[in-house]
Amino acid sequence: MGKRVAIIGAGVSGLASIRSCLEEGLEPTCFEKSEDIGGLWKFSTLVSGINKHPDFSITGQWDVTTERNGKKESAIFDAVLICSGHHVYPNLPKESFPGLKLFKGKCFHSQEYKEPGIFKGKRVLVLGLGNSGCDIATELSHTAEQVMISSRSGSWVMSRVWDDGYPWDMLFITRFETFLKNNLPTAISDWWYIKQMNARFKHENYGLMPLNRALRKEPVFNDELPACILCGTLSIKPNVREFTETSAIFEDGTVFEAIDCVIFATGYSYDYPFLDESIIKSKNNEVILFKGIFPPKLEKPTMAVIGFVQSLGATIPTVDLQARWAVRVIKGTCTLPSVTDMMDDIDKKRGKKLKWFGTSKTVQTDYITYMDELASFIGAKPNIPWLFLTDPKLAVEVFFGPCSPYQFRLVGPGKWPGARNAILTQWDRTLKPTKTRAVGNPQKPCLLCRWVRLFVLPVLFIAVFFALI
């Protein structure tokens, strides 16, 4: 029988952790607000406490207390994987808006929004320019009388459809893009980033431009927002200075009158009420985790947090790789660096986050860099130079093409024999669903052509300039 692992949460992070445990011969027990699923794993109503077992320094075991139908139970586990994510508790900062207590209309968090029909003919103010706020606002713009979005700092708005109509992430999240971003001079990297963000439309013209344009904050993905602004069915406003009984006064002095409803699209917060905060939090209430996963100062590395990061990359492959590494550490086939080395790495990463994302408490990270770091610990990172020597066709697709999760199944534990073919044929599967009307053969993008054009044109311009002198 393998080690017993308590998994807190049954979302994608929890399911990835369950699979990794089963692959490594461990015994997962999942706790979540749900009933039993097919009799495969035990689900309890509530985890009320997770505490170190008295001999934790020797065994690394945990006492997990659960409650179900008012009855408490306790069990001992060899390890704990916390998979509750960071979008847990709705953030409703009413105290940040003077006069909101006087407001007579409805006021609620975006989590409570269900459908647009009940807002027909209403005047709605959405607070927050994130993905939820923009999705709600654009949907309401078709039914409500008037919709406005209030934003403190603006945001980049990206289309899901990128160059030549291909999916944005398959062209934008590549190893070559990451290489350029991390190695070009900051001024050039920032210029290139802003140019990419403004490729679809000038954000200044739509009132969306972020205050700090070069920060790599998570952009909003919304194909409809610019069109709604252009058609006048939706307006962008600065932060609310104060509320009255029926209106909102913005920082630019303009007023939105006769508001029926205010929707707080102000994100979520996270907490671990079942866990002693000293285990994963510092004195300033900041979560401190090595690679966003392991509490660095535990005597035994038998606790991991899965899904506590955010990047432009897909969530499922991220938590899958996190779980693969965490389970191997728990099993003992991988070891962690010393506490000193882990803390040094955390401090180093905090400095980079301040540069790229603008806040030390962000859970945001660079997707490919982060995935490569995790893959390196378990020996699953692809060796790009070696691929160019031994398999140039695959190397071009891996380096210049999408950083798909197949790349982390080419080598190492969990290696999949079909990974190479899956990478080489990924564009065929991407384009097949869009070709529902036969008008020729699907055209895969030329991965090198767009970069050749980018660098050849400046060289050509310089050559013509010197020729004319």
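Quick caveat, the model's predicted, so the values are computed rather than measured. (Residues numbered from 1 in each chain as written. Predicted model: local features only at pLDDT ≥ 70, side-chain atom pairs only at ≥ 80, totals over all residues. Heavy atoms only, no water.)

**Student:** Just checking my understanding: could you explain the overall build of the protein for this structure?
**Tutor:** The number of helices and strands found in the protein is 15 helices and 19 strands. A total of 469 residues make up the protein; the buried ones form 48% of that total. Counting only carbon and sulfur atoms, one obtains 56% of the accessible surface of the protein, whose full area is about 23,800 Å². (Helix = DSSP H or I, 4+ residues; strand = E, 2+ residues; numbered from the N terminus. Buried < 20%, exposed > 50% of the residue type's maximum accessible area, 1.4 Å probe, protein only. Areas by Shrake-Rupley, 256 points an atom, 1.4 Å probe, with all protein chains shown as cover.)

**Student:** What is the right way to read the pattern of salt bridges from this model?
**Tutor:** A pair can form between side chains of opposite charge whenever their charged atoms are brought close. A complete count under the given rule lists 15 salt bridges for this structure. Linking Lys52 and Glu299 is a salt bridge whose minimum nitrogen-to-oxygen distance equals 3.2 Å. Here Lys52, found in strand β3 (residues 46–52), pairs with Glu299, found in the loop between β18 (268–269) and β19 (303–305); they are 247 residues apart in sequence, far enough to count as distant. By relative accessible area, which is 35% here, Lys52 ends up partly exposed. Put simply, Lys291 and Glu373 hold a salt bridge, and the shortest N to O gap is 3.3 Å. A residue pair is termed long-range when its members are at least 10 positions apart, and Lys291 in the loop between β18 and β19 and Glu373 in helix α10 (residues 367–378) qualify at 82 residues. Taking the relative accessible area as the measure of exposure, Glu373 reaches 19% and is therefore buried. Salt bridges here are not isolated pairs; linked through shared partners, they connect Arg19, Glu23, Asp320 and Arg409. (Salt bridge = Lys/Arg side-chain N within 4 Å of Asp/Glu carboxyl O.)

**Student:** I keep staring at unusual backbone geometry and nothing clicks. Help me out?
**Tutor:** With a phi angle near 50°, Ala258 is a residue other than glycine that sits in the positive phi range. Residue Lys291 is not a glycine yet carries a positive backbone phi of 55°.

**Student:** Please clarify how α10 should be interpreted in this entry.
**Tutor:** An α-helical segment advances 3.6 residues per turn. Residues three or four places apart therefore align on the same side. In this model α10 runs 17 Å from its N-terminal to its C-terminal C-alpha over 12 residues, within 8% of the 16 Å that 1.5 Å per residue would give. Counted residue by residue, α10 has nine buried out of 12 residues, so it is predominantly covered. Within the sequence span of α10, burial applies to Tyr367, Ile368, Tyr370, Met371, Asp372, Glu373, Leu374, Ala375 and Ile378. Just downstream of α10, Gly379 is the residue with a positive phi angle, here 75°. (Expected span 1.5 Å × (residues − 1).)

**Student:** Is there a simple way to explain the sheet that holds strand β8 (residues 106–109) in this structure?
**Tutor:** Sheets are built from strands that pair by backbone hydrogen bonding, the pairs being arranged parallel or antiparallel. The strand order across the open sheet built from five strands is β8-β17-β9-β10-β13, with neighbouring strands paired in parallel fashion. For this open sheet the edge positions go to β8 and β13 (234–237), each flanked by a neighbour on one side alone. Neighbouring strand axes in the sheet, compared pairwise and without regard to direction, differ in orientation by 20° on average. Pairing between strand β9 (residues 123–127) and strand β10 (residues 146–150): five bridges, direction parallel. Bridging from a neighbouring strand, Arg123 pairs with Gln146 of β10. Each of β9, β10, β13 and β17 (261–264) is contacted by helix α3 (residues 131–140), which is oriented at about 165° to β10, the strand it contacts most. (Pairing = 2+ DSSP bridges. Axes fitted to C-alpha atoms, helices over the stretch in contact; angles between N-to-C directions. Contact = heavy atoms within 4.5 Å.)

**Student:** Please explain the nonpolar core as it appears in this structure.
**Tutor:** Across soluble globular proteins, nonpolar side chains have a tendency to be buried as a group. One finds Ile7, Leu81, Ile293, Phe294 and Trp325 to be the most contacted residues of the largest nonpolar core, which totals 54 residues. Examining the composition of this core, we find that eight residues originate from one element, helix α8 (residues 315–331), more than from any other. Each residue touching Leu81, except ones within four places of it in the same chain, is listed here: Val5, Ala6, Ile7, Ile8, Ser17, Cys21, Ala304, Ala326, Val327 and Ile330. Formed by 26 residues, the second largest nonpolar core is a distinct cluster that contains Tyr113, Phe119, Val147 and Leu225. (Core = buried A, V, L, I, M, F, W, Y, C linked by side-chain atoms within 4.5 Å.)

**Student:** Would you explain the sheet that holds strand β14 (residues 240–243) in this entry?
**Tutor:** Sheet architecture is open: three strands sit in the order β14-β15-β16, paired in antiparallel fashion. Among the strands making up the open sheet, the edge pair consists of β14 and β16 (255–256). Alignment of β14 against strand β15 (residues 248–250), held across three bridges, turns out to be antiparallel. Within the sheet, the bridge partner assigned to Glu242 lies in β15 and is Ile249.

**Student:** So what exactly am I meant to see when it comes to the environment of Tyr270 here?
**Tutor:** Positionally, Tyr270 belongs in the loop between β18 and β19. Under the relative-accessibility criterion, Tyr270 is labelled partly exposed at 25%. The sequence separation of Tyr270 and His87 amounts to 183 residues, and the corresponding C-alpha distance is 6.3 Å.

**Student:** I keep staring at the environment of Gln310 and nothing clicks. Help me out?
**Tutor:** Secondary-structure assignment places Gln310 in the loop between β19 and α8. Through-space distance from the C-alpha of Gln310 to that of His86 is 8.9 Å; in sequence the pair is 224 residues apart. Leave out the neighbours within four places in its chain, and Gln310 touches His86, His87, Glu218, Val363, Gln364 and Thr365.

**Student:** It is not clear to me how the packing of helix α5 (residues 175–183) against α10 should be interpreted in this structure. Could you clarify?
**Tutor:** Packed helices, taken two at a time, are described by their axes: the angle between them and the distance between them. Two numbers describe how α5 lies on α10: the axes approach to 9 Å, and their chain directions differ by 105°. It follows that α5 is roughly perpendicular to α10 by the angle criterion. Only Ile368, Thr369 and Asp372 of α10 make contact with α5, whose side of the interface consists of Arg175, Thr178 and Asn182. Here the contact of α5 with α10 is composed, by residue class, of one nonpolar, three polar and two charged. (Parallel < 35°, antiparallel > 145°, perpendicular 65-115°, else oblique. Nonpolar A, V, L, I, M, F, W, Y, C, P; charged D, E, K, R; others polar.)

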